[in-house]
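One letter stands for each residue in the lines below.
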Amino acid sequence: MTSLNKPSRADAGGRLVVHVALILFVIVAIGPIIIVVMNSLKTTPGIFNGPFVPPTAETFNLDGWANVFKRGNFALNYGNSIIVTLVSTLLTLVLSTLAAFAITEYKVRLAPLLAGFFIIGIMLPIRLGTVPILQTMVAWHLVDTLVALILVYTAMSLPLAIALMATFFRRVPTELKEAAKIDGAGELRTLSIVLPLVRPGLAAVASVTMLPIWNDLWFPLILAPSKENQTVTLGVQQFVGQFQSDYPALLAALTLGALPLVILFTVFSRNFIQGLSQGYGK
Amino acid sequence: MKSTARSYRNLILFSAPAFVVYAGFLVIPLIASVVLSFMDSDSGPTSVFVGFDNYVYLFTNPSTSERFWNALVNNFEFFAVHLIVELPVGLLMAALLTSSTLRRSRGVYRTLLFIPATLSVVIVGFVWRLIINPLWGIVQFPLLGDANTALPTIALMSVWEYVGIPMIFLYTALIAIPDDVLEAAKLDGANAWTTFWRVKFPLIAPQFGLIAILTYIWTFNGFDIVYALNGSAPGPDYSTDILGTLFYRTFFGSSGQVANPDLGATVASVVFFLILIITAIYFAVVQRRLKSYEL
């Protein structure tokens, strides 16, 4: 009771322990990332003579960053990743919003069954269906296209997205929907009235959807492996094998490949955390 | 009656696009994969039903069984490292983050600690290989070059990357505990340690169980980190081969191995059943008991 404003000595000690422990964890988590960024700004000998030393006047060098766009198809792969991630995320948003709105709005006997069918997909690993997926894509002449990746990623993202959107739609006050209906609003109009209220849900869906798509290695390797259609994750993976000698460019490529998602996550971390905990929690 | 019919029509209309994509590219391929595991489509012009032949072949034929059992055991080891290291460390991080002594710094720590989980395995594999390279002398031993240490080393890299996920799960569970429960514990004279294990942990046990079962599913789908470090034929001496890399080699082929879709589908189906059985047992037996603690 005494320690509301003035922390006691024990509290101060406990506080110090918590901060020290967390700072140690942060060093372990962030240290390796700093090593990558730092070494991308050095010459190759600078990297090998001391990979844990920050760039000095002697070893500082921006060639890696200049070379990365000349090497391989880096810019092209980067564009592929952006297209695949954005289109899949957009499709996931639209399809999951429609489906989640429907299963929460129309309370007929089919609705909970349909909801269960969608949500069980959170536990179903899509990779295990790869053999038939590849056969379908071959039959439809979609192998080695970005369309193949977009279809698969949308299917993969829908279960979690629908589970999330459904929890947000359930929180919308029924009075609002009733009022819209009395005013003669159609189904789509009702949805558009409700949509602003589920905006945090859309942000949560978008942030949890993008991450596994951008970073996936499996489907690009199987469905779109050619140089023209590689995503940046696969492109950089092959870069590691092919351009071992140009370490600064490789490290710059790794940094650039990670940058968009690190920035997005830092900005939208609240939505992301909400998406992760509420989507799986149901 | 009329309104029920209209509700059905609307329900079907609105969920049809999601249904088509989800069923077409996730549910049906999974079922088709299981069907394929009971077929032989290579020997003749048409596929024939061969019962459990593919499974028997995979489990017992010398050309595949050694690789299969090796990958299965390795995969359990890969999961065990996550279970033993990732979950306790994630829990510790979550407990630290929810400490009442933190104020504004909480969000900063939370964001920084999660950043590794946003990286691709390519960067994770590359930077850890750089750090543990025996050349610099941080570790004098070739951890990835030795059959005894390679798999635990890769598993720990994966733990480093993904520990933020259990952390966030357990963190959100911990902050959801009502304050009055904790106040009551405090008034009873419980210290932080006792409060955590006697009050907080039982309350978040369902989430702890859920993240454990998700970790099981995710590690049995593991592929990326092993592939990023070792390619599809993981050495040394197949010591880092897990079911995901075996699956890839079996159905896609690799040097010294002909592609075999039926057998690949069989490997995938084995993984699918392993996941299905354990998940079903978990939800039927464990999760229900944990739920009884709920407030």
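Residues numbered from 1 in each chain as written. Chains lettered and ligands numbered in written order. Predicted model: local features only at pLDDT ≥ 70, side-chain atom pairs only at ≥ 80, totals over all residues.

(A) Layout of the overall build of chain B. Along chain B, the regular secondary structure elements total twelve helices and two strands. Reading the helices (α) and strands (β) of chain B from amino to carboxyl end gives α-β-β-α-α-α-α-α-α-α-α-α-α-α. Its C-alpha atoms give chain B principal-axis dimensions of roughly 75 × 75 × 30 Å. Here chain B holds 295 residues, and 41% of them are scored as buried. Summarising the internal contacts of chain B: among those between residues at least 6 apart in sequence, 68% fall at separations of at least 24. (Helix = DSSP H or I, 4+ residues; strand = E, 2+ residues; numbered from the N terminus. Buried ≥ 20, exposed ≤ 12 C-beta atoms within 10 Å, placed from the backbone. Contact = placed C-beta atoms within 7 Å.)

(B) Here's a closer look at the overall build of chain A. Regarding its fold elements, chain A presents 14 helices and zero strands. From first element to last, N terminus to C terminus, chain A shows the α and β order α-α-α-α-α-α-α-α-α-α-α-α-α-α. The C-alpha atoms of chain A give a radius of gyration of 24 Å, which is well past the 19 Å a tight globule of 282 residues would have. When its C-alpha atoms are laid out on the principal axes, chain A stretches across 75 × 75 × 35 Å. Counted over contacts in chain A with a minimum sequence separation of 6, partners at least 24 positions apart contribute 75%. (Rg over C-alpha atoms; globule rule 2.2 N^0.38 Å.)

(C) Up close: the interface of chain A and chain B. Taken together, the 69 residues of chain A in the interface contact 62 residues of chain B. Per-element tally for the side of chain A that touches chain B: the top contributor is helix H1 (residues 9-39) of chain A, with 14 residues.

(D) Fine view of the environment of B:Ala176. Residue and element names in this part refer to chain B. By secondary structure assignment, the location of Ala176 is in the loop between helix H7 (164-175) and helix H8 (179-187). Residue classification places Ala176 among the exposed residues on the basis of 12 C-beta atoms within 10 Å. In sequence terms Ala176 and Leu229 are 53 residues apart; their C-alpha atoms lie 39 Å from each other.

(E) Structural context of the domain arrangement of chain B. Residues and elements named next belong to chain B. Domain boundaries assigned for chain B yield domain 1 (2-36) and domain 2 (60-287). With centres defined by C-alpha atoms, the gap from domain 1 to domain 2 works out at 32 Å. Taken together, the contact between domain 1 and domain 2 spans four residues of the former and six residues of the latter. Looking at side-chain class alone, the side of domain 1 that touches domain 2 contains three nonpolar, one polar and no charged residues. (Domains from an automatic or database assignment. Nonpolar A, V, L, I, M, F, W, Y, C, P; charged D, E, K, R; others polar.)

(F) Representation of helix H6 (residues 150-162) of chain B. All names here are of chain B. Look at H6: 19 Å from first C-alpha to last across 13 residues, which is about the 18 Å you get at 1.5 Å a residue. The buried fraction of H6 amounts to eleven of the 13 residues, a majority that puts the element mostly inside the structure. Among all positions of H6, only Ala150, Leu151, Thr153, Ile154, Ala155, Met157, Ser158, Val159, Trp160, Glu161 and Tyr162 are buried. Among the structural elements, helix H3 (62-97), helix H5 (121-131), H7 and helix H10 (224-230) are those in contact with the buried residues of H6. (Expected span 1.5 Å × (residues − 1).)

(G) Examining the environment of A:Val108 more closely. Note that A:Val108 resides in the loop between helix H4 (74-105) and helix H5 (110-119). Note: C-alpha distance between A:Val108 and A:Thr44 (64 residues apart in sequence) is 66 Å. If near-sequence neighbours (up to four positions away) are discounted, A:Val108 is found in contact with B:Thr4, B:Ser7, B:Tyr8 and B:Leu11.

(H) Summary view of the packing of H3(B) against helix H9 (residues 192-220) of chain B. Residue and element names in this part refer to chain B. Relative orientation of the contacting elements H3 and H9 amounts to 145 degrees, with a least axis distance of 10 Å. Handedness of the H3/H9 crossing: right-handed. Contact residues: Asn75, Phe78, Phe79, His82, Leu83, Glu86, Leu87 and Ala95 in H3; Phe196, Ile211, Ala212, Thr215, Tyr216, Thr219 and Phe220 in H9. In terms of residue class, the contact of H3 with H9 is built from ten nonpolar, four polar and one charged. (Axes fitted to C-alpha atoms, helices over the stretch in contact; angles between N-to-C directions. Left-handed = near helix turned anticlockwise from the far one by under 90°.)

(I) Just unusual backbone geometry, in detail. Residue and element names in this part refer to chain B. You will see that Asp237, though not glycine, has its phi angle at about 55 degrees, which is positive. In this structure, Asp237 sits in the loop between H10 and helix H11 (243-252). The backbone of Tyr238 shows a phi angle near 60 degrees, a positive value even though the residue is not glycine. Here Tyr238 shows up in the loop between H10 and H11. Accessibility expressed as a C-beta count within 10 Å gives 17 for Tyr238, which makes it partly exposed.

(J) Highlighting the confidence of the model for chain A. When the pLDDT values of chain A are averaged, the result is 89; 94% of them are 70 or greater. Confidence drops under a pLDDT of 50 for residues 1-5 of chain A, and excluding neighbours within four residues, the segment shows three contacts in the predicted structure. (pLDDT = per-residue confidence, 0-100.)

(K) Examining H11(B) more closely. Residues and elements named next belong to chain B. Most of H11 is tucked away, with nine of its ten residues classed as buried. Along H11, the residues that are buried comprise Leu243, Gly244, Thr245, Leu246, Phe247, Tyr248, Arg249, Thr250 and Phe251. Phi turns positive, to about 80 degrees, at Gly253, one or two residues after H11.

(L) Structural view of the environment of B:Asn230. All names here are of chain B. Looking at the element boundaries, Asn230 is found in helix H10. Here Asn230 falls in the buried class, since 20 other C-beta atoms lie within 10 Å of it. Along the primary structure Asn230 and Phe68 are separated by 162 residues, whereas in three dimensions their C-alpha atoms are 18 Å apart. Apart from the residues lying within four places of it in its own chain, the contact partners of Asn230 are Gly235 and Thr240.

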